[in-house]
Amino acid sequence: MSPTVRRHRTQQERSEQTREALLDATIDCLVELGYGRTTVQEICARAGVSRGAQQHHFTTKAELMTAALEHLFARLIGEVTSASAALPPGRERVTKGIDLLWEAYSGTLSTAAVELWVAARTDPELRETLQPVDRALGHATLELYRESAGVDLSETEIETMLLLSVNLVRGLALDAMIGGGAERRGRLLDEWKATILQRYMPNR
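Residues numbered from 1 in each chain as written. Predicted model: local features only at pLDDT ≥ 70, side-chain atom pairs only at ≥ 80, totals over all residues. Heavy atoms only, no water.

Visitor: Let's hear about helix H1 (residues 11-33): which residues, and what values?
Guide: Compared with the 33 Å implied by 1.5 Å per residue over 23 residues, the 32 Å span of H1 between its first and last C-alpha is a close match. Among all positions in H1, only Leu22, Leu23, Ala25, Thr26, Ile27, Cys29, Leu30 and Leu33 are buried. Looking at the buried residues of H1, the elements they touch are helix H2 (40-47), helix H3 (51-57), helix H4 (61-84) and helix H6 (108-120). Positioned one or two residues after H1, Gly34 has a phi angle of 85 degrees, which is positive. (Helix = DSSP H or I, 4+ residues; strand = E, 2+ residues; numbered from the N terminus. Expected span 1.5 Å × (residues − 1). Buried < 20%, exposed > 50% of the residue type's maximum accessible area, 1.4 Å probe, protein only. Contact = heavy atoms within 4.5 Å.)

Visitor: So what's going on with the packing of aromatic side chains? Residues and values would help.
Guide: One pair of aromatic rings is described through two measures. These are the centre distance and the angle between the planes. For the coordinates displayed, the defined rule picks out zero aromatic pairs. Lying across the ring of Tyr35, Lys61 places its NZ or CZ 4.5 Å from the centre. (Phe/Tyr/Trp six-rings, centres within 6.5 Å; stacked < 30°, edge-to-face > 60°. Lys NZ or Arg CZ within 6 Å of the ring centre and 35° of its normal.)

Visitor: Kindly report on the pattern of salt bridges, identifying the contributing residues and their values.
Guide: Within the structure shown, the criterion is met by six salt bridges. The salt bridge partner of Arg46 is Glu42, with a shortest N-O separation of 2.7 Å. Of this pair, Arg46 and Glu42 both sit in helix H2, four residues apart, which is roughly one turn of that helix. On the basis of relative accessible area, Glu42 is assigned to the partly exposed category, the value being 28%. Here Lys193 and Asp190 are joined by a salt bridge, their closest N and O atoms 3.8 Å apart. A residue pair is termed a helical-turn pair when its members lie 3 or 4 positions apart in one helix, as Lys193 and Asp190 do in helix H9 (residues 182-200) at three residues. (Salt bridge = Lys/Arg side-chain N within 4 Å of Asp/Glu carboxyl O.)

Quick look at the structure:
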């Protein structure tokens with residue numbers, strides 16, 4: 001048998017791996033420690049990266065935090081896109097779509113995002129870098145659900161339905177973080193699904 005040949009990573013591959021390790025470590029720190037206790041030193045230690053390497057990729061803490069949220073969102077939107085492709089048409093597609101939206105916004109994304117949004121209120125640098133990512137997150141979610149709605153609605157109706165859904169699940173995610181009951185959240189989501197079907201799809 002011929003010996004296994006180990007391929008050396010290129011400089012670009014090593015750079016991308018370092019960047020991803022920093023972003024994953026940042027998300028872990030935000031979720032476990034919160035923004036206030038998350039330091040660049042802790043992020044570097046968890047990522048196994050030197051401060052010099054970190055500064056090569058992200059010159060400021062705000063830039064690193066914002067990139068981490070964007071990194072997490074890109075990963076989640078990919079998962080939701082794959083899942084939504086398998087949804088059935090019609091009424092069930094809409095209700096299952098709301099379930100997917102809740103799953104996307106209620107986990108790690110919600111925890112990390114809330115930490116950053118709260119911190120951005122009093123941190124102008126973080127707010128300036130975070131706002132474009134937050135807008136892009138909302139826009140991409142809207143586009144995803146517009147494509148997967150599978151019903152004959154006007155653009156205004158789809159946008160209204162989806163923006164209300166996004167804001168509902170964001171609020172419920174915050175409620176969950178401060179100890180709200182799962183049974184109540186489930187009831188509210190079911191009520192919202194019924195409201196959408198009655199308002200936008202009564203005869204479908």
